[in-house]
Amino acid sequence: MKGLKTFSKGGIHPHGRKNFTNKKAIVKAEIPDTLVVPMSQHLGAPAEAVVSVGDEVLEGMQIGKPTGFISASIHSPVDGRVKEITDIFLVNGMKSRAVVIEKTEGFIPSVKEKSDDWKTKSPQELNEIVKDLGVVGMGGATFPANVKFAVPKGAIAEYLIINAVECEPYLSADHRLLIEKTSEILEGIRIIQKIVNPKKIAIGIEINKPDAIDIIRRCAAAENLDLEVVSLKMKYPQGDEKQLIKAVTGREVPSGALPIEVGCVVSNVGTVNAVYDAVVMNQPLYERVVSVSGLGVKNPGNILARVGTPIRQLIDACGGMTGKQIKVIAGGPMMGFAFYDLDTPVTKGTSGILVLTDKEVAEAPQTACLSCGKCVTVCPMGLNPTKMFKYIDHSDYQGAMDTGLMDCKECGCCAFTCPAHIPLVQGMRLGKKMARKKKVS
Ligand code: SF4
Ligand code: SF4
């Protein structure tokens, strides 16, 4: 379609498979009797538990405090009692401390009252609320939102860009939020506008969400919010900050630089909704919408679940598995993690749970590199994935770093397109881990 924006370098067009869930209204999951709440649900230093075994906790009470500048608060999703504090494994294989809470019998979630008080608060006070109530980026990166919103001295936020791209196949949680919670999203944008003070606000939405484009455009106009709705061509990984900034503004974020260095602050739709909940409803971030999808689940849908709920329960809420599943992934199929323990809890970063069958997972044997160059063509960061992979394969981490390993976004475009089925992304992840371990820079 003419006139639609997108980023210029690389990218791919995987099958969207959004139709499993994008017409399914958000449904609340049942709250389990026992919730396992990890202290590491965000990028940066894990939170430190501030409760002990046997303590009574209340819904929304802080149970984990941040331990650094880049860290986040954790809050109890229910009234209950701390049963245990233990180590668990998260879906990405990382170990985390977790507070295990036994829900109080008969617990009924509180009904929050909307408050307009935020309009009288200063930008700093609003950002303190965002921090205190544990809001992090909900698009997958889980970077503490208050840190992102604090524009450094001397820098100017020319653009606040709302990321409504949701380009990972299967996922539709943000799409549903745009349609079902439009006025909350618009009020959340106004709050972030007050904190960040941008010259312009834009929201980037891919054209496979025409209903969302339409409702946001109409409601923003009706509410006199000066919001540019940018319709984007469908292309993966447009939801990445750098690609979205390029698509919306034409600006290029240099290697190693942050969006603010080109005058941009980017915030995901789920994060905007969490900011609204925190500031207007005084509700800490202890629940999120998760898309549960794939041919291996009987009745795919979008589920609002409390943090700490076992993933198994979300699949059960969608009718359970069909029995034909061969893989379960947390997140999207491009950047998510395959995992095995269905008792692993939902966290602030769980955007999707995919139960996939052999019709959806192309399992093919790996062969030698064909030197076709396809991985180079599709890399949105302009890297040479095959070259980096070869360095990593030969344990030459310095060579991989010198070829731009740390610029790799682990987007999976290279692996998706590789006819030799070389596990390029796993290679990049391993290479980064080893480079850090060996202190190679
Ligand atoms: S995973 Fe890394 S190397 Fe591969 S396409 Fe994405 S950014 Fe490029
Ligand atoms: S796409 Fe695969 S086969 Fe082609 S050059 Fe890259 S790694 Fe080699």
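In the block above lies the structure referred to throughout.
Heads up: these notes are all about the structure in this document. (Residues numbered from 1 in each chain as written. Chains lettered and ligands numbered in written order. Predicted model: local features only at pLDDT ≥ 70, side-chain atom pairs only at ≥ 80, totals over all residues. Heavy atoms only, no water.)

1. Points about the overall build of the protein
Within the protein, the secondary structure is distributed over 13 helices and 17 strands. The C-alpha radius of gyration computed for the protein amounts to 21 Å, which stays within 12% of the reference 22 Å derived for 441 residues, consistent with globular compactness. Projected onto its principal axes, the C-alpha coordinates of the protein cover approximately 60 × 45 × 45 Å. Across the 441 residues of the protein, 54% fall into the buried class. Considering only contacts in the protein between residues 6 or more positions apart, those separated by 24 or more positions represent 74%. Here the protein has roughly 19700 Å² of accessible surface; of this, 52% comes from carbon and sulfur atoms. Distance between charge centres in the protein, computed from 54 positive and 47 negative side chains, equals 7 Å. (Helix = DSSP H or I, 4+ residues; strand = E, 2+ residues; numbered from the N terminus. Rg over C-alpha atoms; globule rule 2.2 N^0.38 Å. Buried < 20%, exposed > 50% of the residue type's maximum accessible area, 1.4 Å probe, protein only. Contact = heavy atoms within 4.5 Å. Areas by Shrake-Rupley, 256 points an atom, 1.4 Å probe, with all protein chains shown as cover. Lys, Arg positive; Asp, Glu negative; His and termini not counted. Charge placed at Lys NZ, Arg CZ, Asp CG, Glu CD.)

2. Here's the deal with the site of ligand 2
Neighbouring ligand 2 are the residues C369, L370, S371, C372, G373, C375, T386, C418, P419, A420 and I422. Its residues placed into classes, the shell around ligand 2 shows eight nonpolar, three polar and no charged. (Near = heavy atom within 4 Å. Nonpolar A, V, L, I, M, F, W, Y, C, P; charged D, E, K, R; others polar.)

3. Quick word on the site of ligand 1
All residues in the neighbourhood of ligand 1 are listed as C379, P380, M381, P385, M388, C408, K409, E410, C411, G412, C413 and C414. Elements represented by at least two residues in the shell around ligand 1 include exactly α10 (385–393) and α12 (413–417). Tallied by class, residues from the shell around ligand 1 come to nine nonpolar, one polar and two charged.

4. Topic: the packing of helix α3 (residues 173–180) against helix α7 (residues 269–281)
Where α3 contacts α7, the two axes come as close as 9 Å, and the packing angle between them is 50°. Relative to α7, the element α3 is oriented oblique. Here the hand of the crossing between α3 and α7 comes out left-handed. Across the interface between the two elements, D174, L177 and L178 of α3 pack against V269, G270 and N273 of α7. (Axes fitted to C-alpha atoms, helices over the stretch in contact; angles between N-to-C directions. Parallel < 35°, antiparallel > 145°, perpendicular 65-115°, else oblique. Left-handed = near helix turned anticlockwise from the far one by under 90°.)

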